[in-house]
Amino acid sequence: MSKPTDPAADPIIVVTDLVKQFGRFAALRGVTASFAPARMYAILGDNGAGKTTLLRALAGLNRPTRGSVAISGSSNVRSVCREIGYMAHPSLLYDEMSGTENLRYFARLYDIEDQARCTAVIQAVGLDPQLTRPVGQYSQGMRQRMSLARALLNDPRILLLDEPFSNVDLRSAREMVQLLASMRDMGKTILVVTHQAFLLEGAADEFVWMEDGRIVSRTQDFNSAIAGQV
Amino acid sequence: MKLTRATLAKDLRLEWRSKDAINSMLFFALLVVVIFSFSFDPTAEESRQIAGGLVWVAFLFAAVVALNQTWARELRNQVLDAYRVSPAPANSLFLAKAFGNFIFVLMLECLMTPLFIVFYNLRALGPAYQLPIVAVLGTWALVVNGTFFAAMSLRTRAREIMLPLLLFPISIPAVLAMVEATTSILTGEYSARFWIVLLAAYDLVFTTSCLLLFESVLNAE
């Protein structure tokens with residue numbers, strides 16, 4: 001675990017009294033938290049705890065019912081969307097196109113003309129940029145890695161990753177964790193929603209435990225975080 | 001326009017590979033032509049009177065099949081979210097989808113029109129050069145609203161039923177103008193000018209409205 005910046009530094013993400021309701025169901029019930037730059041956070045919790053909803057709200061995909069989200073000092077997430085890389089549980093990729101074709105398309109959405117950038121991120125996640133078969137024919141693990149490559153495409157300062165290790169074999173998952181740790185060391189802020197907390201032992205700077213739409217504990221100690229789960 | 005071109009190229013590539021929309025549209029339109037031709041046995045004069053209605057009803061129904069597919073592939077793997085988190089403007093996506101549907105429906109019309117001419121023994125007695133103008137304006141009227149309402153019904157449970165329920169009532173003025181303009185050109189009995197101007201005005205009003213409202217539709221939860 002490395003600490004390149006002071007955790008007490010100005011937070012890059014500030015969430016204030018965030019409430020998100022879907023009809024009568026409240027997925028988030030007043031989340032207040034701040035996240036410092038250049039740190040990796042593991043967001044843990046049972047199914048339905050509100051982890052994905054929190055991540056989607058940070059990505060600007062869910063409009064808060066109440067409360068606010070500020071990224072890099074701006075409460076308009078849309079205006080800072082270039083600073084955010086978002087990886088969802090589904091792949092967010094077109095099954096009929098190859099990985100490179102997918103990334104070339106998404107690169108254009110970010111005004112990235114440099115084709116070498118697509119090749120670089122595909123290599124960074126350990127895939128072959130020459131692979132021509134459509135994403136629909138990838139294994140689940142390859143799809144997850146290509147999905148991570150898409151999130152890295154715009155070289156974001158903040159990475160929001162929802163279940164990046166699900167269906168990925170242990171060795172590949174550990175490689176992904178190493179990649180994330182190196183990106184954190186380069187100054188990126190990383191929020192990882194996962195049910196596989198053990199993968200982030202020694203890599204995450206802080207473990208955030210959610211329950212019933214609230215953050216109930218934050219700790220830097222992996223064992224305490226796990227104890228909270230039981 | 002660069003982003004619109006990129007999304008349009010991507011959609012054309014996906015359609016070329018899957019052929020989902022084109023195949024279902026062609027099959028549907030072909031069925032309508034054959035069934036209508038068995039149902040009626042009109043004289044050449046009667047054909048000219050009814051062909052405008054038959055042609056546009058067939059194209060409208062077939063277009064709905066394609067329009068339902070438009071957003072379906074954006075829902076698979078939630079790819080639409082990748083667009084929503086990007087800085088790309090919503091209108092680029094809308095225009096790309098509308099242009100894509102326009103190309104698909106226009107292709108269908110080019111393929112089906114010769115069949116209509118053969119089955120109904122059609123020959124225009126009015127100014128035939130106006131027919132392509134009616135086709136272009138009419139097709140745009142169908143697809144611009146269709147693309148918009150298909151996006152609107154995207155998150156509804158019965159979206160394939162919802163689309164025609166939303167689209168058909170609002171398309172009535174356009175369909176009326178298309179049918180009247182086509183009939184007037186085929187029969188040569190009156191001028192199609194008024195109906196063509198009406199279609200152009202309809203296109204202008206609804207294209208502007210859709211562009212103004214699309215961002216809200218895209219980000220609706």
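Participant: What exactly am I supposed to notice about the overall build of chain B here?
Facilitator: Each helix and strand counted, chain B has nine helices and zero strands in total. Beginning at the N terminus, the succession of helices and strands in chain B can be written as α-α-α-α-α-α-α-α-α. Scaling as 2.2 N^0.38, a compact globule of 221 residues should have a C-alpha radius of gyration of about 17 Å, and chain B matches this with 18 Å. In terms of overall dimensions, chain B has a C-alpha envelope of 55 × 30 × 30 Å along the principal axes. Burial statistics for chain B: of 221 residues in total, 42% are counted as buried. When contacts within chain B are restricted to residue pairs at least 6 apart in sequence, those whose partners lie at least 24 apart make up 85%.

Participant: Sorry if this is basic, but what is going on with the overall build of chain A here?
Facilitator: Looking only at helices and strands, chain A features six helices and nine strands. Relative to the 2.2 N^0.38 estimate, which gives 17 Å for 230 residues, the radius of gyration of chain A is 17 Å and therefore close to what a compact globule would have. In terms of principal-axis extent, the alpha carbons of chain A reach across some 45 × 35 × 35 Å. Taking all 230 residues of chain A together, the buried fraction comes to 47%. Relative to all contacts within chain A whose residues are 6 or more apart in sequence, the contacts with residues 24 or more apart total 69%.

Participant: Can you walk me through helix α6 (residues 90–120) of chain B in this structure?
Facilitator: Helical geometry: 3.6 residues make up each α-helical turn, so side chains three or four residues apart lie on a common side. All names here are of chain B. For α6, which comprises 31 residues, the first-to-last C-alpha distance of 43 Å matches the rise-based estimate of 45 Å (1.5 Å per residue) to within 8%. In the structure, α6 departs most strongly from a straight axis at Met112, where the bend amounts to approximately 30° and where the proline Pro114 lies between one and four residues downstream. Count one or two residues on from α6 and you reach Asn121, which has phi positive near 50°.

Participant: In this structure, what is going on with the sheet that holds strand β4 (residues 66–71) of chain A? I would like to understand it.
Facilitator: Sheets are built from strands that pair by backbone hydrogen bonding, the pairs being arranged parallel or antiparallel. Residues and elements named next belong to chain A. Here we have three strands laid out as an open sheet, ordered β2-β1-β4, and antiparallel in their pairing. A strand with exactly one partner marks an edge of an open sheet, and here the two such strands are β2 (25–35) and β4. Taken over all neighbouring pairs, the strand axes of this sheet differ in orientation by 20° on average, direction set aside. Relative to β2, strand β1 (residues 13–22) runs antiparallel, the two being bridged by eight bridges. In the strand pairing of β2, Leu18 is matched with Val31.

Participant: Sorry, what's going on with the nonpolar core here?
Facilitator: As a rule of thumb, soluble globular proteins bury nonpolar side chains together. Formed by 79 residues in total, the largest nonpolar core has its most connected members in A:Tyr41, A:Ile43, A:Leu160 and A:Val192. When residues in this core are grouped by element, the largest group, six residues, is from helix α4 (residues 140–152) of chain A.

Participant: How should I be thinking about the interface of chain A and chain B in this particular structure?
Facilitator: Interface size is often expressed as the accessible area that is lost when the parts come together. Chain A puts 23 residues into the contact, and the matching count from chain B is 19 residues. When residues of the side of chain A that touches chain B are traced back to their parent elements, those giving at least two are β5 (84–87) and α2 (99–109) of chain A. Here the side of chain A that touches chain B takes four residues from α2(A), the largest share from any one element. For the side of chain A that touches chain B, the residue count by class is 14 nonpolar, three polar and six charged.

Conventions and cut-offs
- Residues numbered from 1 in each chain as written.
- Chains lettered and ligands numbered in written order.
- Predicted model: local features only at pLDDT ≥ 70, side-chain atom pairs only at ≥ 80, totals over all residues.
- Helix = DSSP H or I, 4+ residues; strand = E, 2+ residues; numbered from the N terminus.
- Rg over C-alpha atoms; globule rule 2.2 N^0.38 Å.
- Buried ≥ 20, exposed ≤ 12 C-beta atoms within 10 Å, placed from the backbone.
- Contact = placed C-beta atoms within 7 Å.
- Expected span 1.5 Å × (residues − 1).
- Bend = angle between axes of the 7 residues up to and from the residue.
- Pairing = 2+ DSSP bridges.
- Axes fitted to C-alpha atoms, helices over the stretch in contact; angles between N-to-C directions.
- Core = buried A, V, L, I, M, F, W, Y, C linked by C-beta atoms within 7 Å.
- Nonpolar A, V, L, I, M, F, W, Y, C, P; charged D, E, K, R; others polar.

That is the geometry; function is a separate question.
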